[in-house]
Amino acid sequence: VERIAGMETRMWLRINQEALALAREIKARGVRIAILSNMPRDLLAYVRREFRWLDEFEIKTWSCELGIVKPDAEIYRVCLKALGCQPLRTLFFDDRLNNVEAARNLGMEAHLFQSVEQARAIVSAGLNGA
């Protein structure tokens, strides 16, 4: 558990500016954006305090506050309800395959995040086809 928490901490403290820029581009096109994270409670307190960019996401779903973690289907449902969005109209990215598969099982278009370029191509295809 400590090792996983340490990995999660390092991931969140290393801001991917390109991914954040992509999220901003998506939002600028009028699409709602959300974060669904298994971040531990102590890290969440730090992130909320230090990272103002979190406020740019309309919906923030934190497993540590709900007591439900990905890939449990219920946490996806909570996020979808907060977004007011049906699974079939949702694009989901995650860096863990089991979380992607869980999202797909609920009917979301879900992809394993590999790079910002890959995500941008998927987003562009979806927005241009919508």
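Residues numbered from 1 in each chain as written. Predicted model: local features only at pLDDT ≥ 70, side-chain atom pairs only at ≥ 80, totals over all residues. Heavy atoms only, no water.

K.L.:
Please provide a residue-by-residue account of the pairing of strand S2 (residues 59-62), values included.
P.N.:
Both strand S1 (residues 34-37) and S2 contribute to a ladder of four bridges, which runs parallel. Each bridged residue has a counterpart across the sheet, and for Ser 37 the counterpart in S2 is Trp 62. (Pairing = 2+ DSSP bridges. Helix = DSSP H or I, 4+ residues; strand = E, 2+ residues; numbered from the N terminus.)

K.L.:
I'd like to hear about the pattern of salt bridges, residue by residue, with values.
P.N.:
Across all of its chains, the model carries eight salt bridges by this definition. Note that Asp 94 is salt-bridged to Lys 70, the shortest N-O span being 2.7 Å. You can see Asp 94 sitting in strand S3 (residues 91-94) and its partner Lys 70 sitting in the loop between helix H4 (63-66) and helix H5 (73-83), a full 24 residues away along the chain. (Salt bridge = Lys/Arg side-chain N within 4 Å of Asp/Glu carboxyl O.)

K.L.:
Describe helix H6 (residues 97-105), listing the residues and the values that go with them.
P.N.:
Among all positions of H6, only Asn 99, Val 100, Ala 102 and Ala 103 are buried. Seen along its axis, H6 keeps its buried residues to an arc of 160°; they face one direction. Along its buried surface, H6 packs onto H5, S3 and strand S4 (109-112). One or two steps after H6, the chain reaches Gly 107, where phi turns positive at roughly 105°. (Buried < 20%, exposed > 50% of the residue type's maximum accessible area, 1.4 Å probe, protein only. Arc of directions from axis to C-beta. Contact = heavy atoms within 4.5 Å.)

K.L.:
Explain the packing of aromatic side chains residue by residue, including any values.
P.N.:
Each aromatic ring pair is specified by the distance between its two centres and by the angle formed by the two planes. Applying the stated rule across the entire model yields five aromatic pairs. Here the aromatic rings of Trp 53 and Phe 57 are separated by 6.2 Å at their centres, their planes lie at 70°, and the arrangement is edge-to-face. Across the pair, Phe 57 and Trp 53 agree in class, each one buried. Seen in terms of ring centroids, Tyr 76 and Phe 92 are 5.5 Å apart; in terms of plane orientation they differ by 70°. Their pairing is edge-to-face. Here the residue Tyr 76 occupies a position in helix H5, and Phe 92 occupies one in strand S3, the gap between them amounting to 16 residues. Judged by its relative accessible area of 1%, Tyr 76 is buried. Of the aromatic side chains, those joined through ring pairs into one cluster are Tyr 46, Phe 51, Trp 53 and Phe 57. (Phe/Tyr/Trp six-rings, centres within 6.5 Å; stacked < 30°, edge-to-face > 60°.)

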